[in-house]
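Here's the letter readout for the chains.
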Amino acid sequence: MKATINNIQIDLSKPHDISIPLTNNDQNPIAWYQNRPEIEPVTMGDWIGKVSEGKSSTNFNNIFFNPHAHGTHTECLGHITRDFYSINQCLKQFFFTAELISVEPKVVGEDLIITKEQIELALGENSPEAIVIRTLPNPESKKHLNYSNTNPPYLEEAAAIYIREKGIQHLLIDLPSVDKEHDEGKLLAHKAFWNVKDVNQVNEDARFNCTITEMIYVNEEIQDGSYFLNLQFASFENDASPSKPVLYKMF
């Protein structure tokens, strides 16, 4: 099935899901020093909410997880501000033009950093509404890593400023954070992208409708280039929500 939006033709029959599913086993990625998610049937007395146990007509699970630590999630600037802002209130549109780029972070001392120059070169003259960054190398094991205390690659502040100044509203990346794991709470890339100058009293020109999506996975079959992005998330009144970004090729 194909659709045409603003003179852009999209093949809806071939979605590219770039989210990582949430599981309760060791296949689930983990960050920020958390344990793996829990998905367990409700138990009340001798009743267990699991059909295979023979005492329930339905499967009835509780789920305990952290959106930032346990997989693909989309966050708003409420992630770093004193005052509460919800992703469910900040993001009200869900379809965007997107550019997928692949970047091999540069070694700088003990760090691996995605630089402004790399983003600038990969984007060229393109000015999409969303940017999707796939880091290289790109093994499938990324979907199952425990990132805690591994100092993963991150985005330098200048790169985040460049993305903001390009007018890009949505930043998606296959890392647990756009910032350095241990950065003394500076959060330079988050602040630069959202244009947050004071987390205690947010400036009026901060980018309330812009989002960061972390811990995606873009497999090798999906080529760099222009796509149509459907940025889906669960309706949590929280700074972040588990999400399911889907790419569609544009013609």
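Residues numbered from 1 in each chain as written. Predicted model: local features only at pLDDT ≥ 70, side-chain atom pairs only at ≥ 80, totals over all residues. Heavy atoms only, no water.

**Quick word on the overall build of the protein chain**
The line we're drawing: Segments assigned H or I by DSSP are reported as helices when at least four residues long, segments assigned E as strands when at least two residues long, and all are numbered from the N terminus. What the globule rule says is 2.2 Å times the number of residues to the power 0.38, and the radius of gyration is computed from C-alpha atoms. The contact definition used throughout considers only heavy atoms, calling two residues in contact when any of these lie within 4.5 Å. Within this scheme the basic residues Lys and Arg register as positive and the acidic residues Asp and Glu register as negative, but His and the chain ends are omitted. Just so you know, the charge point we use is NZ for Lys, CZ for Arg, CG for Asp and CD for Glu.
Scanning the protein chain for helices and strands turns up four helices and 17 strands. Relative to the 2.2 N^0.38 estimate, which gives 18 Å for 251 residues, the radius of gyration of the protein chain is 19 Å and therefore close to what a compact globule would have. Of the contacts made within the protein chain by residues no fewer than 6 positions apart, 71% connect residues no fewer than 24 positions apart. Counting 21 positive and 35 negative side-chain charges, the protein chain places the averaged centre of each group 3 Å from the other.

**What to know about empty space enclosed by the protein**
Empty pockets left among the atoms are what a rolling probe the size of a water molecule brings to light. Heads up, the rule is: Of the grid points, spaced at 1 Å and generated over the protein atoms alone, those admitting a 1.4 Å probe that cannot get out make up cavities, while open sets with protein on both sides within 12 Å along at least five of seven lines make up pockets; any residue with an atom within 4 Å of a point is treated as lining. Grid points are joined across faces, edges and corners, and a volume is the space filled by probe spheres set on the points. Three categories are distinguished: nonpolar for Ala, Val, Leu, Ile, Met, Phe, Trp, Tyr, Cys and Pro, charged for Asp, Glu, Lys and Arg, and polar for the others, with Gly belonging to the last.
Inspection of every chain in the model, using the stated rule, returns one cavity of 30 Å³ or more. Forming the boundary of the largest cavity are Ile20, Pro29, Lys142, Lys143, Tyr147, Asp174, Met215, Ile216 and Tyr217. Each residue belonging to the lining of the largest cavity can be placed in one class, and the counts come to six nonpolar, no polar and three charged.

**Describing the side chain of Thr213**
Let me state the cut-off plainly: We call a residue buried when its accessible area falls under 20% of the maximum for its residue type, exposed when it is over 50%, and partly exposed in between, using a 1.4 Å probe and counting protein chains only. Two N or O atoms form a polar contact when they lie within 3.5 Å of each other; inside protein one atom must be a possible hydrogen donor and the other a possible acceptor, and for residues adjacent in sequence the pair counts only when both atoms belong to side chains.
Mapped onto the elements of the fold, Thr213 is located in strand β15 (residues 211-214). Note on Thr213: relative accessible area 0%, which makes it buried. Only 2.7 Å separates the side chain of Thr213 from the side chain of Thr74, close enough to count as a polar contact. Discounting residues that sit within four places of it in the chain, Thr213 has contacts with Thr72, His73, Thr74, Leu171, Leu172, Ile173, Leu231, Ser243 and Pro245.

**Details of the layout of surface pockets**
If you add up the space inside the largest pocket, you get close to 250 Å³. Lining the largest pocket are 17 residues, and of these Ile20, Pro21, Leu22, Thr72 and Pro242 lie nearest its centre. The element that contributes the greatest number of residues to the lining of the largest pocket is strand β17 (residues 240-249), accounting for three residues. Looking at side-chain class alone, the lining of the largest pocket contains eight nonpolar, seven polar and two charged residues. Its boundaries defined by the atoms lining it, the second largest pocket holds a volume of some 200 Å³. Lining the second largest pocket are 13 residues; nearest its centre among them are Thr135, Leu136, Pro137, Lys142 and Pro153. Taken together, the residues of the lining of the second largest pocket sort by class into nine nonpolar, two polar and two charged.

**Thoughts on the packing of aromatic side chains**
Stated formally: Note on aromatic contacts: the rings of Phe and Tyr and the six-membered ring of Trp form a pair at centre separations within 6.5 Å, being stacked when their planes are under 30 degrees apart, edge-to-face when over 60 apart, and tilted otherwise. Any Lys NZ or Arg CZ that is within 6 Å of a ring centre and within 35 degrees of that ring's normal is treated as a charge sitting over the ring.
Under the counting rule described, the total for this entry stands at seven aromatic pairs. Relative to Phe233, the ring of Phe94 has its centre 6.0 Å away and its plane inclined at 50°; by these criteria the two rings are tilted. In this pair, Phe94 sits in the loop between α1 (87-90) and β9 (95-103) while Phe233 sits in strand β16 (residues 225-233), placing the two residues 139 residues apart along the sequence. Of the residues examined, Phe94 reaches a relative accessible area of 33% and is grouped as partly exposed. On the basis of relative accessible area, Phe233 is assigned to the buried category, the value being 14%. The ring of Phe193 has Arg207 lying over it, and the distance from NZ or CZ to the ring centre is 4.6 Å. Positioned over the ring face of Tyr227 is Lys249, at 4.6 Å from the centre of the ring.

**Comments concerning helix α3 (residues 157-165)**
What counts is decided by this rule: By construction, the arc corresponds to the directions joining the helix axis to the C-beta atoms.
When we look at burial in α3, the residues that qualify are Ala159, Ala160, Tyr162 and Ile163. Within α3, the buried residues cover an arc of 160° as seen down the axis, which keeps them to one side. In the core, the buried residues of α3 are packed alongside β11 (111-114), α2 (116-123), β12 (130-135), β13 (154-155), β14 (170-173) and α4 (188-194). Gly167 occupies a position one or two residues after α3 and carries a positive phi of about 85°.

**Remarks on the pattern of salt bridges**
The test is simple: The working definition used for a salt bridge is a side-chain nitrogen of Lys or Arg within 4 Å of a carboxyl oxygen of Asp or Glu.
Per the counting criterion, the structure on display carries nine salt bridges. Close ionic contact of Arg82 with Asp83 constitutes a salt bridge, the shortest N to O distance being 3.6 Å. A residue is classified by how much of its surface remains accessible, and Arg82, at 57% relative accessible area, is exposed. Residue Arg134 pairs with Asp224 through a salt bridge whose shortest N-O separation is 2.8 Å. Taken as a pair, Arg134 in strand β12 and Asp224 in the loop between β15 and β16 lie far apart in primary sequence, 90 residues in all.

**Describing unusual backbone geometry**
Most peptide bonds are trans, and most residues other than glycine sit at a negative phi. For the bond running from Leu136 to Pro137, omega is -5°, close enough to zero to count as cis. Structurally, Pro137 can be placed in the loop between β12 and β13. You will see that Tyr33, though not glycine, has its phi angle at about 65°, which is positive. Counting through the fold element by element, Tyr33 comes out in the loop between β3 (16-17) and β4 (38-41). If you check the backbone angles, Asn151 has positive phi at about 50° while not being a glycine. Inspection of the secondary structure puts Asn151 in the loop between β12 and β13. Residue Asn151 is classed as partly exposed on the basis of its relative accessible area, which comes to 24%.

The analysis is restricted to geometry; functional conclusions fall outside its scope.
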